[in-house]
Amino acid sequence: MDTSVIVITRDELPYLRDTLVVLGQTLGDEAGEYIVVDDGSQDGTKEWLAGIDAVRLIHHTEKKGWMSSLNEGINIAHGKHILVLRGGDADAPYYVDATESRIRGG
C-alpha cells in the first residue's frame, strides 16, 4: 500500500503513543511513510517523537490549527494515497482497514 499516514496532534502524547503502536501493528512496513504534525504541543511530544526514526516530524512552536497542519503534512507526503488521523484516534485500525479495502477495490 503506497500510503502516507499523516497524524495531526496537539498535547495528546499518551494517546499518540497508542495510535502509533496500533498503526505499526496494523500496517507495519506497508505504509510508505508516517508523518506526525505536532501543532504546538507542550507535553513532550516533540522530544518523544525525536527518538522514532520511522516518523517524519513537523513541529510547530505555537498552534497553527488543524487545516494548516494538514496542509503541511500533505505538502511533504510522498504516498500515492494519504490517510489522515488525529493523535488520539482510537479507531485507527478501522480507518486503515477501510482505506486499504477501498484502495484495493473492495
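Below, the structure is looked at part by part.

Definitions and limits used
Residues numbered from 1 in each chain as written. Predicted model: local features only at pLDDT ≥ 70, side-chain atom pairs only at ≥ 80, totals over all residues. Heavy atoms only, no water. Helix = DSSP H or I, 4+ residues; strand = E, 2+ residues; numbered from the N terminus. Expected span 1.5 Å × (residues − 1). Buried < 20%, exposed > 50% of the residue type's maximum accessible area, 1.4 Å probe, protein only. Arc of directions from axis to C-beta. Salt bridge = Lys/Arg side-chain N within 4 Å of Asp/Glu carboxyl O. Contact = heavy atoms within 4.5 Å. Pairing = 2+ DSSP bridges. Axes fitted to C-alpha atoms, helices over the stretch in contact; angles between N-to-C directions. Core = buried A, V, L, I, M, F, W, Y, C linked by side-chain atoms within 4.5 Å.

## Topic: helix α1 (residues 13-27)
In this model, α1 (15 residues) spans 20 Å end to end at C-alpha, consistent with the 21 Å of a helix rising 1.5 Å per residue. Residues Leu13, Leu16, Thr19, Leu20, Leu23 and Leu27 constitute the buried set of α1. On an axial view of α1, the arc spanned by its buried residues comes to 110°, and they lie on one face. Along α1, the residues that are exposed and aim more than 90 degrees away from the buried face are Tyr15, Asp18 and Gln25.

## With respect to the pattern of salt bridges
Using the criterion set out here, one finds three salt bridges in the structure. Residue arginine 56 pairs with glutamate 33 through a salt bridge whose shortest N-O separation is 2.6 Å. With arginine 56 in strand β3 (residues 55-60) and glutamate 33 in strand β2 (residues 31-39), this pair connects stretches of sequence that are 23 residues apart. For glutamate 33, a relative accessible area of 10% corresponds to the buried category.

## Description of helix α3 (residues 66-76)
Taken together, the buried positions of α3 are occupied by Ser69, Leu70 and Gly73. An end-on view of α3 places all buried positions within 100° of arc, on one side of the element. Turned more than 90 degrees away from the buried face of α3 sit Met67 and Asn75, all of them exposed. Of the surrounding elements, those touching the buried residues of α3 are β1 (3-9), β2, β3 and β4 (81-86).

## Section: the sheet that holds β3
Taking strand neighbours across the sheet as the criterion, the four strands line up as β3-β2-β1-β4 in an open arrangement whose pairing is parallel. Looking at which strands have only one partner, the edges of the open sheet turn out to be β3 and β4. Mean inter-strand twist for the sheet, computed between neighbouring axes without regard to direction, equals 20°. Bridge count between β1 and β4: six bridges; the pairing is parallel. Considered in β4, the bridge of valine 5 is made with leucine 83. Packing against the sheet, α3 makes contact with β1, β2, β3 and β4, and its axis sits at approximately 150° to β2.

## Examining the nonpolar core
Formed by 13 residues in total, the largest nonpolar core has its most connected members in Val5, Val7, Leu20, Leu23, Tyr34 and Val36. Residue assignment for this core shows that the elements contributing at least two residues are β1, α1, β2 and β4. Apart from the residues lying within four places of it in its own chain, the contact partners of valine 36 are Val7, Thr9, Leu16, Leu20, Leu49, Val55, Arg56, Leu57 and Ile58. Counting seven residues, the second largest nonpolar core, distinct from the first, contains Ile6, Ile35, Ile58 and Ala77.

## What about the side chain of threonine 45?
Summarising the element assignment, threonine 45 is placed in helix α2 (residues 45-50). Classification of threonine 45 by relative accessible area gives buried; the value is 1%. Non-local contacts of threonine 45, meaning those with residues more than four positions away in its chain, are made with Thr9, Leu13, Leu16 and Asp38.

Coordinates in, geometry out; function isn't part of it.
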